[in-house]
Structure formats: C-alpha cells, structure tokens
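Each chain is listed here by its residues.
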Amino acid sequence: MKKIWNLPNVTFMPFAYIEEPREVLLVTSTPAWNAVKASLCGLNITATIEVTEANTTHWDNLQSSIENRKSEIIYAVGGGLTADAAKFFAAKMNLPLVVLPTALSVDAFITAASGIRRDGCVYYIETKVPERIILDLDTITNAPASIRAAGITDVMSIATGAWDWKFAHEQGRNPAGMEFIPWVYDNAQSILSGVLDCAEAAGRGDKDGLKTLYDCLALEVQLCNQVGHSRPEEGSEHYFAYAVENEMGHGLPHGDLVGPAILLIAKLQGQDTAPLEKALKACNVPLDNIPQDMIDRTLKILPEYCRRHNLAFGIAHTLGN
Ligand SMILES: [Zn+2]
C-alpha cells in the first residue's frame, strides 16, 4: 500500500499555556526536560520514558517498563532522538502524539519515520507523523546556540543531496521509484535559497527567522513525502555523517555531523562552499567537532560503506576512483 504522509498541525504558543487533562506518557531526555519542566505544569503526566539510544531493542525495553501504566496521549519534549522514539511508541501503542521541540535541531519532529542505528548505519523505519507540534519560539530562542537552529543542516543538505540525485540521473544510476524529477529538484533549490536567507536571523534566535527556518523544514519534508523518498535532501553528506558517527561512536548531535559533511561533500562536488559555510556559521553549527584523522579515515572507507549499506548512488560511491 502506497501512501503520502502529511505534516503535523502546528500551534505557536508558550509551553506554559498548555493544559492537557488526558493521561500523558512523557517521552523526554534529562537536559531537555530540565530546561522546560517549569513551564509544563499543565501536563497530566502518568508515565515517563527517558530515551538515550536510537535502536528498537532499547525502545521496546523502555515500552515494556511502563506497560502497566495507563496513558491516553504521548508528549515528546526534547530533540530528534526523543521525537523519533516517541513516534515509534505512538505508532505501536496507537496513541496520539504531540511534539514539543526544545530547539529546531532536526527535521525528525515532522517526518513519518524514525531513524535507528543498526549494523553501523542509520536506517529509517516508518512510524507515524505527530498529530500536533507546539512551537514555543521563546523556548527555542533560549535553547543552547549550537542546537537552536541546527535543523538548518537538514534543509541545507539539499545542496549536496539534490546534487547527488541529479548526478545519479546523469550516470543512469537512479533506481526505479527514485527517478530524477526536474521540477522537484527546482523546488528543493528554492527551499535551499530560502533557508540560506533566514540563516542569520534564525541563528541569532530572531523569532521571524526561526519561523522561516521551520517553514523551510516543513516544505523540505513535504516535498520528500510527495515523491516518496529523500533524495532531494539526503545524499553523500548524510552517508558521511552516518559513517563517521560509526567510526567515532555516538555522541555528537546530528547537526555537528551533517554540517561539516555538507561542506566536505560540496567541495568534492566542485560547488562554491562559501555561502554554505556562512549560513552554517550564522546558525552556530559547530564545524570542528570531527577530528581531522576521523574525516580522512571516513572518506577512505566511504565508497565501500555506501555499497555495503546499499545507499542510493551519489558522489560518495565514486571517491577514490
Ligand atoms: Zn538529517
């Protein structure tokens, strides 16, 4: 059965105004919860899950630990890992889901899939789209600068991901179902240009800038929903991020991996990296958290890594040739 997913409804409001009388299963992480719990007295929390890893065994264990508690709705409070786990629980338990992002750090808040680590790579399993996302722009403005607007990396990956998609087309390497569609490519470029324009404002925590960053994330996700795959925004930059994370061990936020990867891959693609670097810096995305020896090692193993994990063809497959 083929289906086209939707985006969540969005409400802009302070978290302190939330009144939820239904029994809430809270899915969160300690730092995120500590940052906003004072504003969330309106949640009727009857069970809590703290997520630390992105794999289904961990998530299944967490779910069994609250099996005898009653909940009518799930609230996810935090970043991408929290949202991915909450989407998994909501799909399995057949419960509605509300997501409260504490930073605009990734696009996972609004996608229909959850990223899991398996065999040294990241795979996406279909879960569900949250029914609702509540954006408290004051909370996001006050998030740590390095994650506040780091979700720009999941829109800026259009620069390298869409390049790969077109490259694969020119090489006759796009599989059935991922055929290159020029107008979709053009739409992706337009979203990319929107996000580069709002980078400075979003990065300094300006509310209109953050709203525009959200708009760009939403359009990027829905464009991928329409075509049924992520090639307009996912390519060698994400492959590099997955591979280097596997080399280094988990720990760095998604933006810390994808941000530098966009610059590395764009350079290999022969693109002008100056506007990309400017936008990443404006959004305070850390660009030097991956040690140089890790970068060198990962670039060496990347073509084989991409083939082993059956990743859609991009420039990463051709490195070293
Ligand atoms: Zn991503």
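Quick caveat, the model's predicted, so the values are computed rather than measured. (Residues numbered from 1 in each chain as written. Predicted model: local features only at pLDDT ≥ 70, side-chain atom pairs only at ≥ 80, totals over all residues.)

A. View of helix α12 (residues 274–282). Within α12 the residues assigned to the buried category are Leu276, Ala279 and Leu280. Projected down its long axis, α12 carries its buried residues within an arc of 100 degrees, all on one side. One or two positions beyond α12, positive phi appears at Asn284, with a value near 60 degrees. (Buried ≥ 20, exposed ≤ 12 C-beta atoms within 10 Å, placed from the backbone. Helix = DSSP H or I, 4+ residues; strand = E, 2+ residues; numbered from the N terminus. Arc of directions from axis to C-beta.)

B. Spotlight on the environment of Val77. When you line up the elements, Val77 lands in strand β4 (residues 73–78). Given 26 C-beta atoms within a 10 Å radius, Val77 is considered buried. When the C-alpha atoms of Val77 and Val99 are compared, they prove to be 6.3 Å apart, with 22 residues separating the residues in sequence. Residues in contact with Val77, not counting those within four places in the same chain, are Leu26, Thr28, Ala32, Trp33, Val36, Thr82, Leu100 and Thr102. (Contact = placed C-beta atoms within 7 Å.)

C. View of the pairing of strand β2 (residues 20–28). Bridge count between β2 and strand β3 (residues 43–50): 6 bridges; the pairing is parallel. Directly across from Thr28, in β3, lies its bridge partner Glu50. Handedness of the crossover joining β2 and β3 through helix α1 (residues 30–36) is recorded here as right-handed. Here 5 bridges tie β2 to β4, and the two strands are oriented parallel to one another. If you follow Thr28 over to β4, its bridge partner there is Val77. (Pairing = 2+ DSSP bridges. Right-handed = clockwise from strand over helix to strand, strands pointing away.)

D. Highlighting the packing of helix α8 (residues 182–203) against helix α9 (residues 207–227). Interhelical geometry of α8 versus α9 gives an angle of 160 degrees and a closest axis separation of 8 Å. One way to sum up the angle between α8 and α9 is to call them roughly antiparallel. Here α8 runs over α9; the crossing is left-handed. Contact with α8, carried on its side by Val184, Asn187, Ala188, Ile191, Gly194, Val195, Cys198, Ala201 and Ala202, involves Asp208, Gly209, Leu210, Thr212, Leu213, Cys216, Leu219, Glu220, Leu223 and Val227 of α9 and no other residues of that element. Taken together, the residues of the contact of α8 with α9 sort by class into 13 nonpolar, 4 polar and 2 charged. (Axes fitted to C-alpha atoms, helices over the stretch in contact; angles between N-to-C directions. Parallel < 35°, antiparallel > 145°, perpendicular 65-115°, else oblique. Left-handed = near helix turned anticlockwise from the far one by under 90°. Nonpolar A, V, L, I, M, F, W, Y, C, P; charged D, E, K, R; others polar.)

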